[in-house]
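Each chain is listed here by its residues.
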2 protein chains.
Amino acid sequence: MQLVESTADLASVESIEQELTLLVRRAQKVYLRGAPAAQVVERAAYGILAWLHDMGPLRPGALAAHFHLDASTISRQVTSLEQAGLVAREPDAEDRRACRLRLTEHGQEVLTATRAERRGVVRGLLQSWSREDLANFASLLAAFNAGLDHQLSQSTREESQP
Amino acid sequence: MQLVESTADLASVESIEQELTLLVRRAQKVYLRGAPAAQVVERAAYGILAWLHDMGPLRPGALAAHFHLDASTISRQVTSLEQAGLVAREPDAEDRRACRLRLTEHGQEVLTATRAERRGVVRGLLQSWSREDLANFASLLAAFNAGLDHQLSQSTREESQP
DNA sequence: TGAGTATGGTTGGTACATGCAACTAGTTGA
DNA sequence: TCAACTAGTTGCATGTACCAACCATACTCA
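- In the annotation of an unreviewed UniProt entry, chain A is listed under the name MarR family transcriptional regulator and assigned to Actinotalea ferrariae CF5-4.

Below, the structure written as structure tokens:
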């Protein structure tokens, strides 16, 4: 690790900070405005459905940890997903306080449709990118996310053990 | 432009879509949680301050256009910035319905402090990245944002001229 | 084994960001 | 000059989020 960063690196950091600020504000909207039928499920719900799909049945707490959200937030979102019939609660055999959340068949379908929508939007945005840039962007984004995740986990941990 | 994308490209798009979903949800939190003193101004306010700083006095409508937000949203945020003494309204000589928004000196200071905070957070996250990755990420993010901006402008325009 | 503590989840209250609809006040053009 | 338009604000609804208080179950240890 370098102790002295060059001005070029600093400029990159500044630019990244700037671009992230814009990106965060704009990205959601494209999903909602650009894709006419994308509102199949709301933004928050989509993440939950996708994660349940990828990971299989999970407890609410596991979702909260993954998204770094308050348990109450997840609880409400799960409730509305359940009411919409996209997710089902099963009792957790190992802990009767808890439950396990599973995608329903309808949830599967909705996830598939929404994901296709969203991928279509992203594909449209990246239409003219070179293969190399695509691959690069994907891996850099993933790396950045990993850093974010780590950072968030760390500050959460600090809170509980000061 | 290619009509047929390879499976490798599709995988990149899928991965990018996935990572963006996470990024959007997580990025804001790092600014708020990771940086103890970052709450100098809220997320929404920061963007406005920064843009006013870069562009000089602007009308609310110009801000709304830049951020692709509803005029009412900007109006409220500007009101609270004004109450906090970060932004001042001046009458617009050319149109008495409108006004021009200018950073106050205090606004300048707060922007500088907040920006430093945020850049610090980003720098921390990118600490171990190579110079090349930094530069790449910065330029790819910028390109993606430009695409987003274009896409959002387009759908806005379609609304008014169907 | 029973009291005290810890944990998983839910609910109440609150705050903020945002959009749409309705409104006010000023501008423009036939 | 009057109708149509535009800039901005305000009222109302919704989505997302947090914290605090709470319930039920699980765990610990004297």
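Back to the text.
1. Observations regarding the protein's contact with DNA strand C
Part 1 of the reasoning: K29, R76, R89 and R97 of chain A together with D70 of chain B are the nearest of the 26 residues found near DNA strand C.
Part 2 of the reasoning: A share of 60% of the atoms of DNA strand C within 4 Å of the protein falls on sugar and phosphate groups.
Part 3 of the reasoning: Measuring from a phosphate oxygen of DNA strand C, one finds a side-chain N or O atom of Q77 of chain B at 2.8 Å.
Part 4 of the reasoning: R97 of chain B is positioned such that a nitrogen or oxygen atom in its side chain is 2.9 Å from a base nitrogen of DNA strand C.
Part 5 of the reasoning: Going through the elements one at a time, α1 (7-34), α3 (60-67) and α4 (71-83) of chain A together with α2 (43-55) and α4 (71-83) of chain B are the ones with two or more residues in the surface near DNA strand C.
Part 6 of the reasoning: Residues belonging to the surface near DNA strand C are distributed by class as follows: six nonpolar, seven polar and 13 charged.

2. Overview of the confidence of the model for chain A
Detail in the predicted coordinates should be disregarded across regions flagged by low pLDDT.
Part 1 of the reasoning: On average, residues of chain A carry a pLDDT of 87, and 86% of them reach 70 or more.
Part 2 of the reasoning: Averaged pLDDT values over the elements of chain A bottom out at 84 in α1 of chain A and peak at 97 in strand β2 (residues 99-103) of chain A.

3. Some thoughts on the protein's contact with DNA strand D
Part 1 of the reasoning: Residues in contact with DNA strand D amount to 26 residues; listed here are only the nearest, K29, S75, R76, R89 and R97 of chain B.
Part 2 of the reasoning: Of all atoms in DNA strand D that approach within 4 Å of the protein, 64% are sugar or phosphate atoms.
Part 3 of the reasoning: Contact distances for DNA strand D include 2.7 Å between a phosphate oxygen and a backbone N or O atom of D70 of chain A.
Part 4 of the reasoning: S72 of chain A is positioned such that a nitrogen or oxygen atom in its side chain is 2.8 Å from a base nitrogen of DNA strand D.
Part 5 of the reasoning: Those elements giving two or more residues to the surface near DNA strand D turn out to be α2 (43-55) and α4 of chain A together with α1 (7-34), α3 (60-67) and α4 of chain B.
Part 6 of the reasoning: Here the surface near DNA strand D is composed, by residue class, of six nonpolar, seven polar and 13 charged.

The rules behind these values
Residues numbered from 1 in each chain as written. Chains lettered and ligands numbered in written order. Predicted model: local features only at pLDDT ≥ 70, side-chain atom pairs only at ≥ 80, totals over all residues. Heavy atoms only, no water. Near = heavy atom within 4 Å. Polar contact = N/O pair within 3.5 Å; in protein donor to acceptor, adjacent residues only side chain to side chain. Helix = DSSP H or I, 4+ residues; strand = E, 2+ residues; numbered from the N terminus. Nonpolar A, V, L, I, M, F, W, Y, C, P; charged D, E, K, R; others polar. pLDDT = per-residue confidence, 0-100.

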